[in-house]
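Chain residues, written in single-letter form:
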Amino acid sequence: MKVCKFGGTSMATTQSILQVKSIIDRDPERKFIVVSAPGKRFSNDVKITDMLYAAYDEKVAFGTCKSSMKVIRERFLGLCEELGLDIDMNKYLDEVEEGIINSTSSDYAASRGEYLSAIVVSAVLGFKMIDAGDIIKFNNNGIFDAELTNDLVKKYADYTDGIVIPGFYGRMPDKTIKTFTRGGSDFTGAIIARGIGARIYENWTDVNGFMVTDPRIVENPKHISVLSYEELRELSYMGAGVLHPDSIFPVQIDNIPINIRNTFDPENEGTMIMDNTAGYVLPVVTGIAGRKGNTTILIKKAMMNGELGFCRKVLTVLERHGISVEHIPTGIDTMGIVLSDAGLKNADEEKIISDIRGMVNPDFIKISHSLALIAVVGHGMVNQLGTAAKIFTALYEAGVNIRMIDQGSSELNIIVGVEEKDYNASIKAIYNAFFG
Ligand code: ADP
Ligand code: ASP
Ligand code: MG
């Protein structure tokens, strides 16, 4: 059997939903369907999930979410009418509106796009709908409970009549709804694939699979036909938005391949992501990804190297402030710490710096913002001399000042930090050096 996850663009319009139906009808193995909330229909449209977050904000500010819900109602009622569905969508929309009024976090609201989408798609396909809250479980601390979930999903493994499951959310023991991080329907698809023992996890989106780099930065980048799980993890964690970075964990356990496919070009074979890439010629560099919005703390101290516990003490300060660390590039007498701006949002930066001063008494410490990180990823880099030199030369020739370098210990990637203003130029320069 195959698990098929359809993303936001596949759910956005009547035509795209009919296209989804035709893809499913073409293959009798496509019986486990995971859906996202309707996404954008055109470039400056608003995703349903974003409208739902806005509905929650409206209720917090004014005690009602009528005005946000009006637009959401129109979209779902429009879909039902155009698809000729005999379902009482108004009843579900009333239930959602009331639920948002009674909820105490934005998760319930955010999850309803997937919930309503699944109601529509199960009616279109004539498949049974299973609420994600009944099978995807979180513990009391809001941590995803992989094993309990797997036991619950397993019960449906032999079900052959077709099931539709909303992505992105599950339930805590006290019955409150909890969502994964944004883009989390990809993760739901992977969880279902593991649970039912799928032969393959098809992830249907709006591009012909993974490209070497973000097509919004480099025009028509080369296509990647095969990626390893590790490469996918690095690329998606570093910003290649095609697939949620956690998606590999459930499928990796049983070696289930992920196939990224294009709903709007269903004959294209897309990208295969799997454990065993033996037999494929892997390029030196498989992909280039990156993201803006990082902060660095640079610490210098003479003979830091010999000072027992130096790094631990610095990291303890960050832990006490509740901050998680992205990268720690170090030199003999220097320690760099890369943090994401999002993780620092509510932090007291001055206090962090003064706490580090108190803890390790450095010669120099400086915090700087607006760093963009770029990861160059590929298994082939291990055996290839001069990969780093090629990256640095390309950046030098493009006039880009490199602010940080970190070669991951796996030798699977090289990460460089550049000013945010140089981000696009850097991606283009590195792309051209390897693929131009
Ligand atoms: P879905 O709604 O189907 O989950 P997403 O918008 O989350 O789709 O992911 C697909 C998008 O990812 C593409 O439309 C593309 O703009 C973007 N993207 C970013 N980096 C890459 C890349 N390296 N290869 C292909 N697409 C990429
Ligand atoms: N709808 C959610 C989001 O926009 C989850 C998803 O699409 O995967 O983040
Ligand atoms: Mg997505």
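In what follows, the structure referred to is the one given above.
I will try to describe carefully the structure that is included in this document.

How each quantity is defined
- Residues numbered from 1 in each chain as written.
- Chains lettered and ligands numbered in written order.
- Predicted model: local features only at pLDDT ≥ 70, side-chain atom pairs only at ≥ 80, totals over all residues.
- Heavy atoms only, no water.
- Helix = DSSP H or I, 4+ residues; strand = E, 2+ residues; numbered from the N terminus.
- Rg over C-alpha atoms; globule rule 2.2 N^0.38 Å.
- Buried < 20%, exposed > 50% of the residue type's maximum accessible area, 1.4 Å probe, protein only.
- Near = heavy atom within 4 Å.
- Polar contact = N/O pair within 3.5 Å; in protein donor to acceptor, adjacent residues only side chain to side chain.
- Areas by Shrake-Rupley, 256 points an atom, 1.4 Å probe, with all protein chains shown as cover.
- Nonpolar A, V, L, I, M, F, W, Y, C, P; charged D, E, K, R; others polar.
- Core = buried A, V, L, I, M, F, W, Y, C linked by side-chain atoms within 4.5 Å.
- Contact = heavy atoms within 4.5 Å.
- Pairing = 2+ DSSP bridges.
- Axes fitted to C-alpha atoms, helices over the stretch in contact; angles between N-to-C directions.
- Parallel < 35°, antiparallel > 145°, perpendicular 65-115°, else oblique.
- Left-handed = near helix turned anticlockwise from the far one by under 90°.
- Salt bridge = Lys/Arg side-chain N within 4 Å of Asp/Glu carboxyl O.

So, the overall build of the chain
- Per the secondary structure count, the chain includes 14 helices and 15 strands.
- Its C-alpha atoms give the chain a radius of gyration of 23 Å, near enough to 22 Å, the size a compact globule of 436 residues would have.
- For the chain, the C-alpha atoms occupy an extent of roughly 75 × 55 × 40 Å along the three principal directions.
- When each of the 436 residues of the chain is scored for burial, the buried share is 53%.

Considerations on the site of ligand 2
- Residues in contact with ligand 2, as listed here, are Ser 36, Lys 47, Thr 49, Glu 114, Phe 168, Arg 182, Gly 183, Gly 184 and Ser 185.
- Here an oxygen atom of ligand 2 and a backbone polar atom of Ser 185 are 3.0 Å apart.
- Here ligand 2 loses 92% of its free accessible area of 260 Å² to cover by the protein chains.
- When the residues that make up the shell around ligand 2 are grouped by side-chain class, the tally is one nonpolar, five polar and three charged.

A closer look at the nonpolar core
- Counting 96 residues, the largest nonpolar core has Ile 100 and Ile 192 as its most contacted members.
- Every residue in contact with Ile 100, bar those within four places of it in the chain, is listed here: Leu 52, Ala 55, Tyr 56, Lys 59, Cys 65, Met 69, Tyr 108 and Ala 109.

Side note on the side chain of Asn 262
- Along the chain, the position of Asn 262 falls in strand E9 (residues 258–262).
- By relative accessible area, Asn 262 is classed as buried at 7%.
- Within the local environment of Asn 262, its side chain forms a polar contact with the backbone nitrogen of Phe 264, the two atoms lying 2.9 Å apart.
- The residues contacting Asn 262, other than those within four sequence positions of it, are Trp 204, Thr 205, Asp 206, Val 207 and Asn 208.

With respect to unusual backbone geometry
- With a phi close to 80°, Phe 168 is a non-glycine residue in the positive phi region.
- Along the chain, Phe 168 turns up in the loop between strand E4 (163–166) and strand E5 (169–171).
- The buried category is assigned to Phe 168, whose relative accessible area is 2%.
- Look at Met 303: it is not a glycine, yet its phi comes out positive at around 60°.
- Relative to the assigned elements, Met 303 resides in the loop between strand E11 (287–300) and helix H11 (310–320).

Some remarks on the pairing of strand E1 (residues 2–6)
- Burial runs high along E1: five of the five residues are buried.
- The two faces of E1 match: Lys 2, Cys 4 and Phe 6 on one face and Val 3 and Lys 5 on the other face are all buried.
- Pairing analysis gives five bridges linking E1 to strand E7 (residues 200–205), with the strands arranged parallel. When the sheet's bridge partners are listed, Lys 2 is paired in E7 with Ile 200.
- Both E1 and strand E2 (residues 30–35) contribute to a ladder of five bridges, which runs parallel. By the bridge assignment, Phe 6 is partnered in E2 with Val 35.

Some points on the environment of Asp 341
- The topology assignment puts Asp 341 in the loop between strand E12 (334–340) and helix H12 (349–360).
- Sequence separation between Asp 341 and Lys 292 is 49 residues; the distance between their C-alpha atoms is 8.9 Å.

Observations concerning the site of ligand 1
- Close to ligand 1 lie 16 residues, the nearest being Lys 5, Gly 8, Thr 205, Asp 206 and Met 211.
- One of the backbone N or O atoms of Met 211 is found 2.9 Å from a nitrogen atom in ligand 1.
- Between ligand 1 and the protein, one listed contact pairs a nitrogen atom with a backbone N or O atom of Thr 213 at 3.4 Å.
- Relative to its free-state accessible area of 570 Å², ligand 1 is covered by the protein chains to the extent of 84%.

Some details on the packing of helix H4 (residues 89–102) against helix H5 (residues 106–125)
- In the contact formed by H4 and H5, the axes pass within 10 Å of each other and the chain directions differ by 170°. With respect to H5, the axis of H4 lies roughly antiparallel. At the point where H4 passes H5, the crossing takes the right-handed sense. Mapping the contact onto sequence places Met 89, Tyr 92, Leu 93, Glu 95, Val 96, Gly 99 and Ile 100 in H4 and Tyr 108, Ala 109, Arg 112, Tyr 115, Leu 116, Ile 119 and Val 120 in H5.
- Residue composition of the contact of H4 with H5, by class: eleven nonpolar, one polar and two charged.

Describing the pattern of salt bridges
- Using the criterion set out here, one finds 27 salt bridges in the structure.
- Here Glu 29 ties to Arg 199 by a salt bridge, and the two come within 2.8 Å at their closest N and O atoms. Note that Glu 29 is positioned in the loop between helix H1 (14–25) and E2 and Arg 199 in the loop between helix H8 (185–196) and E7, a separation of 170 residues in sequence.
- In this structure Glu 29 comes out as partly exposed when scored by relative accessible area, which is 22%.
- In this structure, the salt-bridge partner of Glu 419 is Arg 403, at a minimum N-O distance of 2.9 Å. Highlighted residues: Glu 419 in strand E15 (residues 413–419) and Arg 403 in strand E14 (residues 402–407), separated in sequence by 16 residues.
- When its relative accessible area of 25% is taken as the criterion, Glu 419 is described as partly exposed.

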